[in-house]
Amino acid sequence: VQLVESGGGLVQAGGSLRLSCVASGRTTSVAAMAWFRQAPGKEREFVAAINWRHTPNYADSMRDRLIISRDIPANTVYLQILNLKPEDTAVYYCAEGLGWGSPQPKDYDYWGQGTQVTVSS
């Protein structure tokens, strides 16, 4: 399985972005797809996940600013981040794994290369 993220970039605080992740290879519609992020000098942290029933799971700290969705036939998962803040600056990674939409990185088998999101104040 290969995962390719896109949609990152430089945005002003208060703006929004929609990240996309396209999966190819031996994908499965029952996989859970997730987004994590990693800022310089920090550990990778969970942002959001969505399972095959389209049930979302959001990080508590960001849930009011996130919308995750997926297009199963297109093997694509989207993450919309609203009201971006400078502390949202990070590399955002897409991941795929079997399960319910866990917030634990260890529950995901495949990872993309990441897309940089930079929020200016």
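Along each chain, numbering runs from 1 in the same order as the chain's sequence is written. Only residues with pLDDT of 70 or above have their local features reported here, since the model is predicted, and side-chain atom pairs are shown and tallied only from 80 upward, although totals for entire chains, interfaces and linings are computed over all residues. Calculated side-chain values reflect all of the structure's heavy atoms, with hydrogen atoms and water omitted.

> Go over the nonpolar core with me, naming the residues and quoting the values.
Remark: nonpolar core denotes a set of buried residues (Ala, Val, Leu, Ile, Met, Phe, Trp, Tyr, Cys) joined through side-chain atoms within 4.5 Å. Relative accessibility decides the category of a residue: with a 1.4 Å probe and only protein chains considered, values under 20% of the type maximum give buried, values over 50% give exposed, and everything between is partly exposed. Counting 25 residues, the largest nonpolar core has W35 and L79 as its most contacted members. Ranked by residue count, the leading element in this core is strand β3 (residues 17–24), at four residues. Two residues form a contact once any of their heavy atoms are found within 4.5 Å. If near-sequence neighbours (up to four positions away) are discounted, L79 is found in contact with L17, R18, L19, W35, V47, A48, L66, I67 and I68. By size, the runner-up hydrophobic cluster in this structure holds eight residues, among which are F36, F46, A49 and Y108. To qualify as a helix, a DSSP run of H or I must reach at least 4 residues; to qualify as a strand, a run of E must reach at least 2; elements of each kind are numbered from the N terminus.

> Tell me about empty space enclosed by the protein, residues and numbers included.
Rolled over the atoms, a probe with the dimensions of a water molecule shows which regions are left empty. Only protein atoms enter the 1 Å grid, on which a cavity is a set of points fitting a 1.4 Å probe that cannot get out and a pocket is an open set with protein on both sides within 12 Å along at least 5 of 7 lines, lining residues being those with an atom within 4 Å of a point. Grid points are joined across faces, edges and corners, and a volume is the space filled by probe spheres set on the points. As enumerated under the stated definition, the model contains one cavity of 30 Å³ or more in all. The space that makes up the largest cavity amounts to roughly 80 Å³. Taken together, 12 residues form the lining of the largest cavity, with T28, M33, R70, I72 and N75 sitting closest to its centre. When residues of the lining of the largest cavity are traced back to their parent elements, those giving at least two are β7 (66–71) and β8 (76–81). Among the residues making up the lining of the largest cavity, the classes are represented as four nonpolar, five polar and three charged. Asp, Glu, Lys and Arg are counted as charged, while Ala, Val, Leu, Ile, Met, Phe, Trp, Tyr, Cys and Pro are counted as nonpolar; the rest, among them Gly, fall into the polar class.

> Now, about the packing of aromatic side chains: what can you tell me, with residues and values included?
Geometrically, a pair of aromatic rings is defined through the distance of the ring centres and the angle of the planes. Between 30 and 60 degrees the pair is tilted, below 30 it is stacked and above 60 it is edge-to-face, where a pair is any two Phe, Tyr or Trp rings, Trp via its six-membered ring, whose centres lie within 6.5 Å. This model, assessed by the stated rule, comprises four aromatic pairs. Seen from their ring centres, F36 and Y108 are 5.5 Å apart, and the 75° between their planes marks the pair as edge-to-face. Remark: Y108 occurs in the loop between β9 (90–98) and β10 (110–111) and F36 occurs in strand β4 (residues 31–38); sequence separation between them is 72 residues. This pair shows no difference in class: F36 is buried, exactly as Y108 is. Here Y108 and W111 contribute two aromatic rings whose centre-to-centre distance is 6.5 Å and whose plane-to-plane angle is 75°, an arrangement assigned as edge-to-face. When its relative accessible area of 26% is taken as the criterion, W111 is described as partly exposed. Each member of the aromatic cluster is reached from another via a ring pair, and the members are F36, F46, Y108 and W111. Any Lys NZ or Arg CZ that is within 6 Å of a ring centre and within 35 degrees of that ring's normal is treated as a charge sitting over the ring. Seen from the ring of Y93, R44 lies directly overhead, with NZ or CZ sitting 3.9 Å from the centre.

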